[in-house]
Amino acid sequence: MSAKPELLAPAGDLESLIAAVENGADAVYFGANMFSARAFAGNFSVDGIVNAIDYAHLRGVKAYVTVNTLIKDSEMENAINLLYYLNEYGADAVIVQDIGLLSKVRELLPDLPIHASTQMTTHNIEGVKFLEELGVKRVVLAREMSLDEIIEIKQNTDIEIETFIHGALCISYSGQCLLSSIIGGRSGNRGYCAQPCRKKYKLRANGNAVKTDGEYLLSPKDLNTTAILPQLIDAGIDSFKIEGRMKRPEYVAGVVQIYRRLIDRYVEEPSEYYVTNDESMRLAQLFNRGFTSSYFLGKPRIDLMSRKRPYNRGIPIGTAIEYDRKSGCIRVDLSGELNIGDGIGIEDGLVETGEVVHNMYEDNRKINHADAGMVVEIPSDTQVRAGSTVYKTLDKTLMESLQKIFKSTVPIRKVPVTISAKAVAGETFQLKIEDIDFNMVQIESKYMVEKAVKRPTTKEQITQQLTKLGNTVFDIFTIDVSVDDDIFIPISQLNDIRKDAVSRLNNARMAQWRRIPHARYNTTWSCSTDENISTKKPVLTVSVDSPKCVNNAISGGADVIYLDSECIRNEDRTDIESATEHVHQAGRKIYFDTPRIVKDEGMNVVKDIFRIAKKLGADGVVVSNAATFNCAKKMGLGIILDSPFNVFNYSSLNFWTEQGAQMIVLSPELTLEEIEQIAPFGETECIVHGRLELMESEHCIVGGMYEGACPAPCKDHEFELVDEKRYTFPIKMDSDCRMHVLNSKVLCMLDDIPKIIEAGVSSIRIDARTIDDEDVETVVRSYRDANDGCFEKGGKSIITCKSLTGEYTKGHYFRGVT
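Calculation criteria
Residues numbered from 1 in each chain as written. Predicted model: local features only at pLDDT ≥ 70, side-chain atom pairs only at ≥ 80, totals over all residues. Heavy atoms only, no water. Pairing = 2+ DSSP bridges. Helix = DSSP H or I, 4+ residues; strand = E, 2+ residues; numbered from the N terminus. Axes fitted to C-alpha atoms, helices over the stretch in contact; angles between N-to-C directions. Contact = heavy atoms within 4.5 Å. Buried < 20%, exposed > 50% of the residue type's maximum accessible area, 1.4 Å probe, protein only. Core = buried A, V, L, I, M, F, W, Y, C linked by side-chain atoms within 4.5 Å. Salt bridge = Lys/Arg side-chain N within 4 Å of Asp/Glu carboxyl O. Disulfide = S-S within 2.5 Å. Polar contact = N/O pair within 3.5 Å; in protein donor to acceptor, adjacent residues only side chain to side chain.

S.K.: Where do I start with the sheet that holds strand β23 (residues 415-423) in this structure?
M.R.: Sheet strands associate in pairs through backbone hydrogen bonding, adopting either a parallel or an antiparallel arrangement. Ordered in space as β25-β24-β23-β27, the four strands form an open sheet in which the pairing is mixed. Where the open sheet ends on each side, the last strands, each with one partner, are β25 (440-448) and β27 (474-483). Recorded for the sheet is a direction-independent mean angle of 15° between the axes of neighbouring strands. Note: β23 against strand β24 (residues 428-435), six bridges, orientation antiparallel. By the bridge assignment, Lys-422 is partnered in β24 with Gln-430. Against the sheet, helix α13 (residues 491-511) makes contact with β23, β24, β25 and β27, and its axis sits at roughly 155° relative to β25, the strand it touches most.

S.K.: Honestly, the sheet that holds strand β9 (residues 208-210) in this entry has me stumped. Any pointers?
M.R.: Here we have six strands laid out as an open sheet, ordered β9-β8-β37-β38-β39-β36, and antiparallel in their pairing. Sheet topology places β9 and β36 (693-697) at the edges, where each strand pairs with a single neighbour. Shown here is a sheet whose adjacent strand axes are inclined to one another by a mean of 30°, direction ignored. Across five bridges, the pairing between strand β8 (residues 201-205) and strand β37 (residues 719-723) is antiparallel. In the strand pairing of β37, Leu-203 is matched with Leu-721.

S.K.: When you look at the pairing of strand β16 (residues 343-347) in this model, what are you seeing that I'm missing?
M.R.: Working note: regular strand, side chains alternate between the two faces of the sheet. Summarising burial for β16: five of the five residues are buried, a large majority. The side-chain alternation of β16 yields two buried faces, one formed by Gly-343, Gly-345 and Glu-347 and the other by Ile-344 and Ile-346. Relative to strand β22 (residues 389-394), β16 is paired through five bridges, and the arrangement is antiparallel. When the sheet's bridge partners are listed, Ile-346 is paired in β22 with Val-390.

S.K.: Looking at this structure, I do not really get the nonpolar core. What am I missing?
M.R.: Burial of nonpolar side chains together is a common tendency in soluble globular proteins. Formed by 209 residues in total, the largest nonpolar core has its most connected members in Phe-30, Leu-101, Leu-218, Ile-561, Phe-592, Trp-656 and Tyr-783. With eleven residues, the single largest contributor to this core is helix α9 (residues 249-268). Those residues in contact with Tyr-783 that lie beyond four places of it in its chain are Leu-540, Val-688, His-689, Cys-748, Met-749, Leu-750, Ile-753, Ile-766 and Leu-804. Counting residues in each nonpolar core, the second largest holds 27 residues, with Val-417, Leu-431, Leu-469 and Phe-474 among its members.

S.K.: What exactly am I supposed to notice about the pattern of salt bridges here?
M.R.: Where charged atoms of side chains with opposite charge meet at close range, the side chains can pair. Within this structure, the stated rule accounts for 55 salt bridges. For the salt bridge of Arg-248 with Glu-250, the shortest nitrogen-to-oxygen distance reads 3.0 Å. Judged by its relative accessible area of 41%, Arg-248 falls in the partly exposed class. Two residues, Asp-736 and Arg-569, come together in a salt bridge whose shortest N-O distance is 3.1 Å. Within this pair, whereas Asp-736 is found in the loop between β38 (728-733) and β39 (739-742), its partner Arg-569 is found in helix α15 (residues 565-570), the two being separated by 167 residues in sequence. Taken together, the shared-partner salt bridges in this structure form one network comprising Lys-299, Glu-566, Arg-569, Glu-698, Asp-736 and Arg-738.

S.K.: What is the right way to look at the state of the cysteines in this model?
M.R.: Here, the word disulfide means a covalent bond between the sulfur atoms of two cysteines. What the rule picks out here adds up to one disulfide. In this model Cys-748 forms its disulfide with Cys-801; the gap between the sulfur atoms is 2.2 Å. On the sign convention where negative is left-handed, the bridge of Cys-748 and Cys-801, at about -85° about the S-S bond, is left-handed. Note that Cys-748 is positioned in strand β40 (residues 746-748) and Cys-801 in helix α23 (residues 801-805), a separation of 53 residues in sequence.

S.K.: Sorry if this is basic, but what is going on with the side chain of Asp-564 here?
M.R.: Within the secondary structure, Asp-564 is located in the loop between β30 (560-563) and α15. Polar contacts involving the side chain of Asp-564 include one to the main-chain amide nitrogen of Glu-566, which spans 3.0 Å. Of note is the side chain of Asp-564, whose polar atom sits 2.8 Å from the side chain of Arg-769. Asp-564 has contacts with Val-544, Asp-545, Asp-593 and Arg-769, leaving out every residue within four places of it along the chain.

Here it is in structure tokens:
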């Protein structure tokens, strides 16, 4: 028999917490008002978190608290103080993204369990092992993992594994998306994603429009694993996570209820597993953009996307027959039930409308309810065409039935208890109550049991009073009452001792999770440096993707070259060797770059790059995930830690420096002021020029348009996305058919190089991989002159960003992110 996985539910607010617990969640996850990756959810105050933890623990449910954003240095002390608080009040774990915060938790609060957030982009065995060695208890894997890949990780690690089983999906690998950040300054890494992936985009190839089936090209369907739940359970996944901290409590109640039922159904009788039509329809009615099993069974390609509708589509309940302009009504032929108060949406190819049904008629007769097969008239200001599909987007009856569960004052979820009592004349009344978790309360009354003068108190009467647990969370499993003959106990005494015992057991159930408070550690650190330290000249680093660009970059004055992994994989080996020799003959350094995402099946490719680097005498490698970092470290290679690690604060910088990184590329979401607080404490690099990569996706929107085998149009065409404001975002596909979306504007900090240097970084980097070969030398020379000019008397005249690139952006160096 397969072990039963934990069912983990979202709680964006108190009602959602109650909904999750009362409908059968084994654990809940929720965030504080700060440092939560769902900043737009209701979330909880610090006092509210304590109450939420106690509410869950009282009912035998685990409570995980999300502290899963990148933390600024100015916030680190508050974040750590929050963790002290969570530790003391018994949070079962904290969910963390920031490696600096994670390292601080391990140092200061070793007893507080850590779950590595999906924002850490963990997607291979070595990455999981790296976190396991740091003392992380559980890893929330990237949503792009297949079932086979998850099984491999389970078989090769000793850490708990958590995966999402239902809810919204991101098109980008979580933790690797800058789209919302760059477009509007609202960072997904900080919990403020504006979801630009749910907007309209057009696709162009070589500047020409490409016809697509829908315009929401970056909008995935919602995850639904009910059909493959047995396979997920058999894979040994420890925790099944439902997405939805920003969803309404009715959604949480309904989804948890169904998955609770399905998990129990399979574990109890595997051969009899099924999903009823009602269960499937309920999940669809609660919220869906169309459903997909995502990557569990392999790349879903076209089946992943909801290109026509980025919003809840509900379920079809009829077809528009006509719009009567005279009455202002839509006539609908119903295929399902419809009630007053239901929400409907109508799509006719031109108009998309959503509204609540306030009035409804059949043959000019006002009605409140209509069944399938009826033709009804619904007043509406929206004129729709005949044949348009009508969807029920909100079922009022369903919502009201779910509300009863979490708005009831009577707890549904009960904790079984055993009660024993003893009443002997001349002694105190003794009561013991014990729950299934072995919490026990034993108390004696102050009242001395008397001999009955007239009417004795019977065993049945005592039992009746002791079982009046009312609106408590406790439910009698067994009760044993031992009573002398002819005794008398006032009913009020029995009630008082019962209430006292229940109150104490309540407190015992909550207190067992509390931890001994740690002495507060002074988390502040001085960011001041010796004013007499002279500013150092940063090295000029250039990322290139061809041997020709290597030569042009060196000619332009580059100190260091990062050679792209695609070039190393696809170019002739002799050309790579010649480029490496050319760099070294010029007295410069070269590092071989590696992919950001490397599944286990791709680790051999990375190891080949490392072997080539060693053989050709490269100065080291550039890595972008924990697995490739560990591999490079074991092979004794010099390591450049690239921007996908999201190094956002001093603690992260210090952690990776101690791990052995030679150079650490800071997050492109930091401002110059924030960089200045970090840079003096390690070898740091900033990207100052080029098109920033805004996301990497396992899904290729170009290849995903084809039903059969992809004909690889990316080999012969240059693709780009165009948003509703006509900004153009280039798309690149790599050798693993992953999609990379680049910024619409070139980052250019040429005009501000003096400020970059004053911030104290060790290296400034040009990403020349999207610059035409013939322009690379000019761009590099411009930065070379600007860099040198800051250290030479009188300096050198330099060209400006505008003359160098035309339209450009300064990224987040001055505006920052929320």
